[in-house]
Amino acid sequence: MANNGESINIPNSDSGNATILALGKAFPQQLVMQDYLVDGFFKSTNCTDHELKQKLTRLCKTTTVKTRYVVMSEEILKNYPELATEGLPTVKQRLDISNKAVTQMAIDASLSCLEAWGRPLSSITHLVYVSSSEARFPGGDLHLARGLGLKPDVRRVMLAFTGCSGGVAGLRVAKDLAENNPGSRVLLATSETTIVGFRPPSAQRPYDLVGVALFGDGAGAVILGADPVPGVEKPLFELTSAIQQYLPDTEKTIDGRLTEEGIKFQLGRELPQVIESHVEEFCKKMLKDTICNGAEYNDLFWAVHPGGPAILSKVEGRLQLKPDKLSASRDALRDFGNASSNTIVYVLENLVEESRKKREKGEEDSEWGLILAFGPGITFEGILARNLVC
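Residues numbered from 1 in each chain as written. Predicted model: local features only at pLDDT ≥ 70, side-chain atom pairs only at ≥ 80, totals over all residues. Heavy atoms only, no water.

- If you look the protein up in an unreviewed UniProt entry, it shows as Chalcone synthase from Rhynchospora tenuis.
- What UniProt records for the protein under Sequence similarities (unreviewed entry) is the sentence "Belongs to the thiolase-like superfamily. Chalcone/stilbene synthases family." (UniProt positions renumbered as here; feature names shortened; annotations may be inferred.)

## Considerations on the packing of aromatic side chains
Alright, step 1. Throughout the structure, instances matching the rule amount to eleven aromatic pairs.
Alright, step 2. Relative to phenylalanine 336, the ring of phenylalanine 27 lies with its centre 4.8 Å away and its plane at 10°, an arrangement referred to as stacked. Residue phenylalanine 27 is located in the loop between β1 (18–26) and β2 (30–33), and its partner phenylalanine 336 is located in helix α10 (residues 327–336); the two are separated by 309 residues in the primary sequence.
Alright, step 3. Taking the centre distance of 4.8 Å and the plane angle of 55° together, the rings of phenylalanine 336 and tyrosine 346 count as tilted. Placement of phenylalanine 336 in helix α10 and of tyrosine 346 in helix α11 (residues 343–360) is noted, with a sequence separation of ten residues between them. (Phe/Tyr/Trp six-rings, centres within 6.5 Å; stacked < 30°, edge-to-face > 60°. Helix = DSSP H or I, 4+ residues; strand = E, 2+ residues; numbered from the N terminus.)

## Brief notes about the UniProt feature "domain: Chalcone/stilbene synthase C-terminal" (unreviewed entry) in the protein
Alright, step 1. According to UniProt, the feature "domain: Chalcone/stilbene synthase C-terminal" (unreviewed entry) maps to residues 238–387 in the numbering used here.
Alright, step 2. Annotated as 37% helix and 28% strand, the span residues 238–387 places its first and last C-alpha atoms 7 Å apart.

## Notes on the nonpolar core
Alright, step 1. Of all hydrophobic cores here, the largest spans 50 residues; its most connected members are Leu56, Ile124, Leu144 and Ile223.
Alright, step 2. Among the nonpolar cores identified, the runner-up in size contains 38 residues, and Val130, Ala169, Ile344 and Ala373 belong to it. (Core = buried A, V, L, I, M, F, W, Y, C linked by side-chain atoms within 4.5 Å. Buried < 20%, exposed > 50% of the residue type's maximum accessible area, 1.4 Å probe, protein only.)

## Considering the pairing of strand β9 (residues 254–259)
Alright, step 1. Summarising the sheet, β9 and strand β10 (residues 262–267) pair through six bridges and their orientation is antiparallel. Looking at the pairing, leucine 258 lines up with isoleucine 263 of β10.
Alright, step 2. Linking β9 back to β10 in an antiparallel pair, the connection comprises two residues. (Pairing = 2+ DSSP bridges.)

## What about the UniProt feature "active site" (unreviewed entry) in the protein?
Alright, step 1. In the numbering adopted here, UniProt assigns the feature "active site" (unreviewed entry) to Cys164.
Alright, step 2. Mapped onto the fold, cysteine 164 is located in the loop between β5 (155–160) and α6 (166–180).
Alright, step 3. You can call cysteine 164 buried: its relative accessible area is 16%.
Alright, step 4. For cysteine 164, the residues in contact, after removing those within four places along its chain, are His305, Asn338, Ser340, Ser341, Ala373, Phe374, Gly375 and Pro376. (Contact = heavy atoms within 4.5 Å.)

## Focus: the environment of alanine 84
Alright, step 1. Within the secondary structure layout, alanine 84 lies in the loop between α3 (74–79) and α4 (91–117).
Alright, step 2. The sequence separation of alanine 84 and arginine 199 amounts to 115 residues, and the corresponding C-alpha distance is 6.0 Å.
Alright, step 3. Residues within four places of alanine 84 in sequence aside, it is in contact with Ser44, Thr45, Leu77 and Pro200.

## Brief notes about the state of the cysteines
Alright, step 1. For the coordinates displayed, the defined rule picks out zero disulfides.
Alright, step 2. For cysteine 113, which is in no disulfide, the shortest distance to another cysteine sulfur is to cysteine 390 and amounts to 18 Å.
Alright, step 3. Exposure remark for cysteine 113: the relative accessible area of 0% places this residue in the buried category.
Alright, step 4. Note on cysteine 283: no disulfide assigned, nearest cysteine sulfur contributed by cysteine 292 at a separation of 12 Å.
Alright, step 5. When its relative accessible area of 0% is taken as the criterion, cysteine 283 is described as buried. (Disulfide = S-S within 2.5 Å.)

Written as C-alpha cells, this is what we have:
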C-alpha cells in the first residue's frame with residue numbers, strides 16, 4: 001500500500017473505475033486577509049458593539065484561516081445598502097447577485113480544469129453542478145452549460161443545498177455516470193458564495209460570527225472518466241467505491257432556511273463531537289470488503305473536507321492519525337477558509353502537489369486513501385481512492 005521510498009510509476013487505471021483526470025479552481029476578486037477582517041466587517045455593517053467585535057476577533061484567531069476570497073465588496077454594499085440592514089426583505093437582491101457570481105466562478109473553474117485536461121470542450125458528455133448558493137430555474141447547471149458553450153445534448157445533473165458534503169456527493173454522482181456510460185467524460189463543477197447569508201452582527205445571533213470567521217467563496221471543477229486514454233490523459237486518482245450515510249435525528253445540527261432576508265444558517269456546537277463519534281465506524285464501513293480492509297489508517301492518504309479546525313482535530317484524534325495526514329486539508333482551510341462544496345477540490349489539489357514532491361524526492365507516499373466530507377443531515381460522504389499521481 002505504500003512504496004519503500006524508491007521512485008515509482010503507478011500505471012494508468014484499466015479497471016473500468018472512474019478516474020479524476022483534471023482539477024481546477026476559481027475565486028472572486030475580493031481577497032480577505034483574516035488579520036483585517038474584523039475592522040472591515042464592523043465598518044461595512046456600521047456596527048459599534050464592542051463585545052461582539054471582541055468575540056469575532058477571538059473566533060478569527062481560532063479558525064486557523066489566513067486568507068479567503070469573497071463576492072461581497074464595498075461596491076455591492078454601496079449599490080445595495082439594505083444588505084447590511086437588519087430585518088429587511090433582501091432575498092431577491094441577494095439571489096440576483098449570487099446567481100450571476102456562482103455561474104461566472106463555475107465557468108472560470110471549469111475553463112481552468114479543461115485547460116489542465118488538454119482535450120476539447122466537445123468531449124464533455126455529462127455535467128454535474130453543485131451549489132447551495134442559488135435558487136432559480138432553469139438551474140445553474142443550464143446556465144453553466146450555456147456559459148461554457150457545451151453541446152445542447154450534454155446530460156446535466158444538479159445537486160442543490162448539499163452544503164459542505166456537496167463536493168464529495170458530486171464526485172460520487174459523477175463516478176456513477178462515468179462508469180455507466182462508456183466513453184463518457186463528466187465535468188463536475190461546484191460554486192458557492194456566502195453573500196446569500198451575509199448579515200450585520202447581532203447580539204441575538206452570536207452564532208453568525210462563526211460563519212463570518214470561517215467561510216469563503218469560490219468554485220471548483222473536476223473532469224472524470226473511466227479508461228483514460230494512454231498518452232493523452234493523465235489520471236490523478238482512481239475512485240474505486242463510494243458510500244453515503246446520514247445520521248438519524250441530527251438534521252438540526254446543520255440548519256439552513258431560505259427566508260425573505262436570505263439564508264439563515266446555524267451550526268450546532270455539538271457538530272465536531274457528532275462527527276468524532278461516528279467517523280471511525282463510517283471509515284470501517286468504507287474499507288470493508290475492499291483491498292484496504294484492515295489497513296492501518298496511517299498507511300492511507302486522507303482528503304477530508306476542512307469544515308473547521310475542531311472537526312479536523314476530532315477526526316485526527318479519533319483515528320489516531322499522524323499530524324501530516326491532514327496537512328492537505330489544513331492548508332486548504334488556511335488559504336481559502338471553508339468554501340463549502342468547493343473545498344474538497346482544493347484539498348485534492350494539495351494532495352496532488354504533496355505526492356509529486358514526495359516522488360521527486362523518492363519519499364514514501366500512500367497509494368490508497370479516503371475522501372471524506374460531512375454535511376447537512378448530518379450526512380457523511382466517502383470515497384475509497386487510489387493515488388495515480390506520477
